[in-house]
Every structure is written in C-alpha cells, then in structure tokens.
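# Architecture and fold: a report
Read off the chains here:
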Amino acid sequence: MDLISREISSGDKSIEFQFGKIARQADGAVYARMGDSIVLVTVAGSKEPMLGLDFFPLTVEVVDKMYAAGKIPGGFIKREGRPSEKSILTARLIDRPIRPLFPDGFRNEIQIIVSTLSVDMVNPSDILALNAASMALAISDIPVEKMVAAVRMGRLDGEWIINPTLQDSLLSDLDLIVAGSSDSIIMVEAGANEVDEELMIEALSRAHEAIRSMIASMEEIAKEIGKPKREIILAEPDSELKEKVISIATSRIREAMGGSDKLAREEAVSVAKKAIMEELLLEYPESEGEIKKLLYSAEKSVVRKMIVDEGIRPDGRTLGEIRPIDCEVAFLPRAHGSGLFTRGQTQVLSVLTLGTASEVQRLDGLDNKESKRYLHHYNFPPFSTGEVWRLGTPKRREVGHGALAERALLSVIPDEIDFPYTIRIVSEVLESNGSSSMASVCGSTLSLMDAGVPIKAPVAGIAMGLVKDGDKAAVLSDIQGVEDALGDMDFKVAGTTKGITALQMDMKATGVHIDVLKSALKQAKDGRLFILDKMLSAISEPRSSLSAYAPRIIAMSINPEKIGEVIGPGGKVIRGIIEATGATIDVKPDGTIYVSSLDGEGGEKAKEMIEALVKEVMPGEIYLGTVVKTTTFGAFVELLPGKDGLVHISKLAKKRIPTVEDVVNVGDKIKVKVVEIDEKGRINLTAIDVEEDK
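Throughout what follows, the structure given in this document is the object of discussion. (Residues numbered from 1 in each chain as written. Predicted model: local features only at pLDDT ≥ 70, side-chain atom pairs only at ≥ 80, totals over all residues. Heavy atoms only, no water.)

### Looking at the overall build of the protein
- Looking only at helices and strands, the protein features 15 helices and 29 strands.
- Projecting the C-alpha coordinates of the protein onto the three principal axes gives extents of approximately 125 × 65 × 45 Å.
- A buried classification covers 53% of the 694 residues belonging to the protein.
- For the protein, long-range pairs separated by at least 24 residues make up 70% of all intrachain contacts whose partners lie at least 6 apart in sequence.
- Positive and negative side-chain charges of the protein, numbering 85 and 106 respectively, have mean locations separated by a distance of 3 Å. (Helix = DSSP H or I, 4+ residues; strand = E, 2+ residues; numbered from the N terminus. Buried < 20%, exposed > 50% of the residue type's maximum accessible area, 1.4 Å probe, protein only. Contact = heavy atoms within 4.5 Å. Lys, Arg positive; Asp, Glu negative; His and termini not counted. Charge placed at Lys NZ, Arg CZ, Asp CG, Glu CD.)

### Remarks on unusual backbone geometry
- Although it is not a glycine, N163 sits at a positive phi angle of roughly 55°.
- Looking at the secondary structure, you find N163 in the loop between β8 (159-162) and α3 (166-171).
- Residue N163 is classed as buried on the basis of its relative accessible area, which comes to 5%.
- At A330, a position not held by glycine, the phi torsion is positive, near 55°.
- The residue A330 is located in the loop between β11 (325-329) and β12 (337-343) in this model.
- Relative accessible area serves as the criterion here: at 43%, A330 is assigned to the partly exposed category.

### Describing the packing of aromatic side chains
- Overall, the coordinates contain 8 aromatic pairs when judged by the stated rule.
- Ring centres 6.3 Å apart and planes at 50° place the aromatic pair F17 and F19 in the tilted group.
- Here F56 and F106 contribute two aromatic rings whose centre-to-centre distance is 5.3 Å and whose plane-to-plane angle is 75°, an arrangement assigned as edge-to-face. Pair noted here: F56 is in the loop between β4 (37-45) and β5 (58-64) and F106 is in the loop between α1 (85-98) and β6 (110-118), with a separation of 50 residues, a long-range link.
- For F56, a relative accessible area of 12% translates into the label buried.
- Above the plane of the ring of W160 lies R155, whose end atom (NZ or CZ) is 5.5 Å from the centre.
- Sitting above the plane of the F380 ring, R397 keeps its charged end 4.3 Å from the centroid. (Phe/Tyr/Trp six-rings, centres within 6.5 Å; stacked < 30°, edge-to-face > 60°. Lys NZ or Arg CZ within 6 Å of the ring centre and 35° of its normal.)

This is the structure:
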C-alpha cells in the first residue's frame, strides 16, 4: 500500500492523517499530525472471541516517548517505564468514548496503542490521539457502530477557541474536551474557573458542531481507503432461556429491590437470584454462566423500569433527591486539616498536609511543566464495598478520580505567592455506594477550610445519572452504585455557588442529546447548592490560622543579583543561617525565597538574617556596628553581615587622638553614620555627632 495523506479541518486547525507507510501489519494504523505534534495510533483485534468473558476486552495504552520532546528519561534506568499519570489520563480519555461504539456481546479482544512520537509544546497530543484512534478503527476491518471525533474548547476574552494551543489553554477560563458522534455527545471532560451553566451549554453546542464537520470528513476517508469489515460473532443468550429467566425473575427481583440500605438490598437481591439460579439449573444444568448474565440483565431491566415508569429509585428517593449528608472537620487531631464527608452510604475522609516549596512533585513528562504544588490522591480500598482484593499500585480508575477531584479544586487554590505551601490531599474512600469521586471533592473542601487554606470559594460535587427506556428518559441526582452500574450516563459536576469548576461525563449508551445535558446541568446545580449549604453548616469559612502542627512559611523577594550573597561561597552563608535558626530555606532563581520552620520563631529570625544580608547601605543612615579591624588610619566597622565601612581616625572623635585604639578596639560596638559611598562602592563613616543627628 502506497502512502496516502489526507487532511481534515478541526476548528481553526487541521489534522493530517497518513496511512500505508508504517505499522502495516496492524489491523489499522494512523500517523496523525497537528503542527509538529505527531502520534502513531495502531489498533489490533483478535480474530476469534475470548470464551468465558462477560465483558468487552478493550485496552488502550498510551506510550509517551521521551525523545518526542528531546528529553532523556529521569532516574537510574533511563528508559521509559511505567506510564505517567498524564499517559493514564489520556488512555482513559480515549477509552471512554471508544468503548460505547462496540455492540453488546462483542468479545473479541481489541488493543489500541498510542505512541507519542513528537510534541511541539503548542498543539496538545491527547485530542490528536483520540481522533487518530477513531480513524484507525474506521479504516480497519474491525466493526464499530459509529465514528467519533473530539475537540478541545477554550475561551479567551469572551471568545471561543476550538483546539487552543497549550499556551492559550493556560490563560483560558475553561478547558473542555468533548467527544461525540454525528448525532450525540458521548464524553465530556472539563476544568473551569467557575463557568456558569449557560456558557457550558454554549461550549458543548459549539464543540458538537465542529465534531459533526470532522466526522463527515473522516467518514469520506474511511469509505475511500477502509478495509471491508470482518464478520464478528456476538455473544448472545439462548432466546428460550432468556424468555424463561425474564418470566421468572422480573417480579421476584422487583420485590427484593425495595429498601434504602445498600447491603440489605443487595443481600435480598442476591438471595432471590440464587433461588432462581437453583431452579433454572435443574432444567439447564450446562448454562450457569449464561443464566448469571441473564439475571443481571433482568435486574437492570427492573431498575430501569422502576425509575422511568414509576419514578421510584431503588432506595425509594425521588429523581432529584439527595441522600442524607453529614459533614465533620478536624476529624484527625494531628493532621494539618481533615474533613469527613458522608452522603448516604458513601463516605470519604480527606486529609490535608502542608509542605514546603521543596516538597512539590517533580514531573518527568513531555511538556514543559516541571512540578506541581497542589496534589490530590484518591484511594479506593476493597473494604469500602465489603470486598476482598489484593492491594497494589493505584488503578487507572483511582488515578482518574484523583485527577478529577484535583481539577475541581484547582481554580480555588490560592496562588503560591499568597500561600507559599505545597498542598497534598489524600481522599480515603471508607464506604462506597456511588459518587465517591464527588464525595472526595466535598471532603477535600472541608479539609482545606479546616487547615486554614484561604481558598477563593468552597467547592461541592454531585454525580448525575440518566436512565433511558425507549423514548422515556429520567435524569437522576446523586446516583448510587446500582444506578451507575445499570444506568446510561455518569455525569459528574463540581463547582461553587458561582459556577462550574470541573465536569466529567461518560455514556454507556451511544450518546446523549444536548438538551438532556442542559437538563442535567440545571438539576446538578440545584443539588450542588444544597450540598454546599450542608458543608458550610459544618465550617462556614477557612480557619483564621494554620494548625499548630503545620510548618510556618514566609515568602520574601530579593534582588536576584543578591542571591550569591545569601548563598555564600560553597553555601557557607545559607548553611550558617539554617544552623542558627533551624529553618528550611528555598531560594528560587527569580529572587523569591521561602523560609519555613515548625515554630515560626526560627523562620522570623532567618528572615531577619537574610534581610540584613541583602539590605543596601544608604548615605545618611545610622548603624550600631561592630569594629572588625583597626589600622593606623582608622577603624573598619561591620554595619551588616558582609558589609564593612571605614571610620577615618579623624572621624572617631571631635578632638585629635594619637591612635585608633585610644577610642575603639576590635569587637567594640560603635554608633556610626554613613557619610558617602564612593564610585568603587567603598563606604565612608563618621562617629562624630551621630547622637545629635539621630
């Protein structure tokens, strides 16, 4: 196959797709380029379905090649190893809109690999990779029901930008990624600076317009060069067995579904399903796995009909009702800040630790960002759902939920110059029955306020759901686990009273219309304000002072040319200050200095010593100095650390004196005034009439 190159428009940018030159043994391969950012996306699928699976085996891997940015990997090994957090989030970004495109019962293993080959620090590679993945699937012989495309939206000075540069994104009050098909939106990911709902809807609408245009162009390419689609055998249940399960299970599962307690409800449903299983195995002894799947489908159908037809949720709530909320701060006595947030049977403990500037997270990635000072980590232990599994490194879900909560609070975190601390929050999920990521947002806000961090506004989060049955649809507030698992949409919204700070939407169906999102956003705002009111009843504003156990950090700024005087030869001066005060000192190249100490007193002393080192001596100023050297012609007096001036013998006293030592000796304290500083920087002093001048 010869090289084929095609371009499509994506907002004001263009994407170049190349086919047929490299990675030709993959089922589909696309070399995609925007500016000098380049990704290679390959897709491969097994020829036969994987037996015994009850899920679609799709994996997406993003491999960031450090050479893409002209870098060598950090550490000892100097080879790309485990994926970075950014790679994991990009893989999730691709997986989420791609997965719903495959039909139910698809069991052939599919693997999508994204290799980032070049980054230009202007055009983000994540959106490029998502579009290339969709294009690779479209030209392959792997059947998908629809094609998707994606754009990033930004907003500068009130103007919308489609696919902004990395630099523009930093200045934008909205960073919105939207993926969709030609007729619906499938995935949304956003961080925002308190953007209101109307603006968000406008951004979503503009994004979908651009997506439709892109898909039209991509479909033309697929028709031109795409392979014929292979035949796939879908895993489908036996029709007779399916009908039997539905007839037996529907009423019994419906009866067991009542009750607001998650564990009791799950136990009742489990008992009913076990009894049905035993009955059916007598007639269908070889179909245990298939019966389990059909019972799950029956449970799903029961829950959906309860919600859509009866307006009843599994725990008895109305569609817009929020579960009972309890908030507590200062839960841990020695933590710098802590908040316990409980909503129904979802409970999260968020614990905050303040650190110095030297404790920022160092980043070893493809972009120019070298560190970050605000970190949010989310942990989901097995006991939170009463289960057992092996503990290990954070799973992709935990990384994703942590990043979402971090994004939700980022816009309200004070600037480093105003609050010069590294901030780490760990959200421990203690109980989970849905919406644990949004509970971690609420718990984190409580911990920030408990710690005395001067956040711009408190943030709350809520997870919305959608259940569709034919032409009927119901939007649910504060979804619980069963509604998430059996519903069609998971729509998380975080924000302040003023507007949205983070947004994430995933569809299990093939998409959702913009009108449904508009309704969900309005309902989410009502729920968010209700939750914020509950949180503020526990703590109404950030505490006026930090915890006694938190470090005290003082930020100061000096002339960068004076940094050498603070450091001293071989670090001698700064080490002396640290030893004398017990403080920790971080000096930045721009002249910013962070002085931290546990008791505050040592920090103030260190600050005074640094100020003395960099203070400029001015003519007319009076100092109580120390004589450091005497000569036949005068005495040298130290005014400030490292700064000496000369008092000529004629300026030591009003009358003539035979020797300097008749008036002063080394080590004596003497009050002097600066007469002048000559062109060589030499300081001339006088000790005559200083008292009167003062």
